[in-house]
Amino acid sequence: MPLPSRPSPAPWSEHPSRPGQLRTLILTVTLADGVTTTCPVSLWHYPPVRRRRGPRRRLLLIHGFRGDHHGMQLVVDALPEQELLVPDLPGFGASPPLPSGVHDADTYARVVEALARSLDLDDQDVLLGHSFGSIVAAAHTAWQQSLPEGRRWAGLGLLNPISDGIFTGRLLPGAAAVEAYYRVCGRLPEPWALALLRSPLILGVTNLTMIVSRDRDVVRYVRDQHQQHFGGFADRETVLQAYRSSSRTTVTSFAERLDLPALLVVGARDQLSTLRGRQRLAGRLPQCRMEVIRGVGHLLHYEKPAETARAIRRFLRGL
């Protein structure tokens, strides 16, 4: 039975809002050193709200840095015919930190594999990631493709992938300021650091630099989402580790090992990548389709969910 829908708080998603079914999965994660650890992960399951033709594909969608499943809601809403699975990565949202205390792209890639095993995902299913989630998804796929019996996905979708090293070129000034901010947060006493990490002033600067839309309803929605969820990390060390990984790793470093159908959905005004970097990434992916969405920057999942969903839908039809 399809779940009842309700009016979307963001009508620009072009579909009603989809309620998800919360599941808590107890995962066994094998870390890079071979040690295994057990952790609970909160995941939201969105069954399709209407039947569709073609193969049944489940989409596992990984959120970005300092986000959680809420950030993916409008993209979920805009794909009513798809079955989606959206976890909170350990240490963010409703998922507690990993017992190992390590929260970087490589470790999260191993969490993705544990999720895929627990959910019985297979080579008909698709892995998607936004921003830092694109790094995690690429790291997971490259690692598994290097194994003789590794997991194979039907396709890989990267939403505003991190294509450039951010400490060079036009990205350097902004990256240097953000680096200084996180360094200060790492040195302050923890209560002060947490207050700075969750500061309304910092959140205001983030909104000012990242929001492209001039639609008042869109701007109001993005600000509200950031206010509610941008501070939803478990502790200082978790967010600092994730920041270091997100700022020092790119999808491009994995590109030549991603030999599967890949989709890049990029905002034309993405503040965290360059045109040259996006083109270089696309050129290194053996099987790549790139779609550029105009009038949006890095927050395409908030500002242009319907256009993002249409790009994903076209990609899925071509698999």
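**Q** What exactly am I supposed to notice about the pattern of salt bridges here?
**A** Pairs can form between side chains of opposite charge once their charged atoms are near each other. By the definition in use, this model includes 14 salt bridges. Glu 113 is the partner of Arg 117 in a salt bridge, and the nearest nitrogen-oxygen pair spans 3.8 Å. Pair noted here: Arg 117 and Glu 113 are both in helix H2 (residues 105-118), with a separation of four residues, about one helical turn. Note on Arg 117: relative accessible area 41%, which makes it partly exposed. The exposure class of Glu 113 is buried, given its relative accessible area of 8%. Glu 113 serves as the salt-bridge partner of Arg 151, at 2.9 Å between the closest nitrogen and oxygen. Here the residue Arg 151 occupies a position in the loop between helix H3 (132-145) and strand S6 (155-159), and Glu 113 occupies one in helix H2, the gap between them amounting to 38 residues.

**Q** In this structure, what is going on with helix H11 (residues 305-317)? I would like to understand it.
**A** Helix length check: H11 (13 residues) gives 18 Å between terminal C-alpha atoms against 18 Å at 1.5 Å per residue, within 8%. Of the positions making up H11, those classed as buried are Pro 305, Ala 306, Thr 308, Ala 309, Ala 311, Ile 312, Arg 313, Phe 315 and Leu 316.

**Q** What should I look at first to understand the side chain of Ser 247 in this one?
**A** Examined against the element boundaries, Ser 247 turns out to sit in helix H8 (residues 236-248). Residue Ser 247 is classed as buried on the basis of its relative accessible area of 7%. Of the polar contacts made by the side chain of Ser 247, one reaches the side chain of Arg 248; its length is 2.6 Å. Those residues within four positions of Ser 247 in sequence are excluded, and the remaining contacts are Ile 166 and Phe 167.

**Q** What's the story with the environment of Ala 255 in this structure? I'm lost.
**A** Take Ala 255: it is sitting in the loop between H8 and strand S7 (262-267). Counting along the chain gives 31 residues from Ala 255 to Pro 286, while the straight-line C-alpha distance between them is 8.1 Å. Not counting residues up to four positions away in its chain, the partners in contact with Ala 255 are Leu 281, Arg 284, Leu 285 and Pro 286.

**Q** For this particular structure, what's the right way to read the environment of Arg 278?
**A** As for its position among the elements, Arg 278 is in helix H9 (residues 275-284). Arg 278 gets classed as buried once you look at its relative accessible area, which sits at 8%. In sequence terms Arg 278 and Asn 160 are 118 residues apart; their C-alpha atoms lie 9.0 Å from each other. Setting aside chain neighbours within four positions, we find Arg 278 in contact with Ser 163, Asp 164, Leu 264, Val 266, Gly 267, Ala 268, Asp 270, Ser 273 and Met 290.

**Q** Could you clarify how one ought to interpret the nonpolar core in this entry?
**A** Across soluble globular proteins, you tend to see nonpolar side chains buried next to one another. In this structure, Leu 27, Leu 60, Val 111, Leu 127, Phe 132 and Leu 258 are the most contacted members of the largest nonpolar core, which totals 56 residues. In terms of residue count, the dominant contributor to this core is H2 (eight residues). Among all residues touching Leu 27, those that are not within four sequence positions of it are Thr 37, Thr 38, Cys 39, Val 41, Val 111, Ala 114, Leu 115 and Ser 118.

**Q** What exactly am I supposed to notice about the environment of Arg 57 here?
**A** Within the secondary structure, Arg 57 is located in the loop between strand S2 (36-46) and strand S3 (58-62). When the C-alpha atoms of Arg 57 and Gln 241 are compared, they prove to be 33 Å apart, with 184 residues separating the residues in sequence. In this structure, Arg 57 is in contact with Gln 82, Glu 83, Gln 124, Asp 125, Val 126, Ala 154, Leu 316 and Leu 319, ignoring residues within four places of it in sequence. Here Gln 124 takes part through its backbone oxygen, which lies 2.9 Å from a polar atom of the side chain of Arg 57.

**Q** Looking at this structure, how should I read unusual backbone geometry?
**A** A negative phi angle is the norm for most residues apart from glycine, just as the trans form is the norm for most peptide bonds. Positive phi outside glycine occurs at Glu 14, with the angle close to 70°. On the secondary structure map, Glu 14 appears in the segment before strand S1 (21-30). By relative accessible area, Glu 14 is classed as partly exposed at 48%. Of note, the phi angle at Ser 131 is positive, near 55°, even though the residue is not glycine. Looking at where Ser 131 falls in the secondary structure, it is placed in the loop between strand S5 (126-130) and H3.

**Q** What is the right way to look at the sheet that holds S2 in this model?
**A** Within a sheet, each strand pairs with its neighbour through backbone hydrogen bonds, oriented either parallel or antiparallel. As summarised here, the arrangement of the eight strands in space is S1-S2-S4-S3-S5-S6-S7-S8, forming an open sheet in which the pairing is mixed. Each edge of the sheet is formed by a strand with only one pairing partner; in this case those strands are S1 and strand S8 (288-293). For this sheet, the mean inter-axis angle between neighbouring strands, taken without regard to orientation, is 25°. Each of S1, S2, S3, strand S4 (83-87) and S5 touches H2; the most contacted strand, S1, lies at about 120° to it.

**Q** Explanation requested: the pairing of S6 in the structure shown.
**A** Moving residue by residue along a regular strand, the side chains alternate between the two faces of the sheet. Of all the five residues making up S6, five are buried; the element is thus mostly covered by neighbouring parts of the structure. Residues Gly 155, Gly 157 and Leu 159 point to one face of S6 and Leu 156 and Leu 158 to the other, with burial holding for every one of them. Note that S5 and S6 share five bridges and pair parallel. Bridge pairing in S6 places Leu 127 opposite Leu 156. Assessed by its sense of winding, the connection that carries the chain from S5 through H3 to S6 is right-handed.

Rules of the game
Residues numbered from 1 in each chain as written. Predicted model: local features only at pLDDT ≥ 70, side-chain atom pairs only at ≥ 80, totals over all residues. Heavy atoms only, no water. Salt bridge = Lys/Arg side-chain N within 4 Å of Asp/Glu carboxyl O. Helix = DSSP H or I, 4+ residues; strand = E, 2+ residues; numbered from the N terminus. Buried < 20%, exposed > 50% of the residue type's maximum accessible area, 1.4 Å probe, protein only. Expected span 1.5 Å × (residues − 1). Polar contact = N/O pair within 3.5 Å; in protein donor to acceptor, adjacent residues only side chain to side chain. Contact = heavy atoms within 4.5 Å. Core = buried A, V, L, I, M, F, W, Y, C linked by side-chain atoms within 4.5 Å. Pairing = 2+ DSSP bridges. Axes fitted to C-alpha atoms, helices over the stretch in contact; angles between N-to-C directions. Right-handed = clockwise from strand over helix to strand, strands pointing away.

By themselves these figures say nothing about function.
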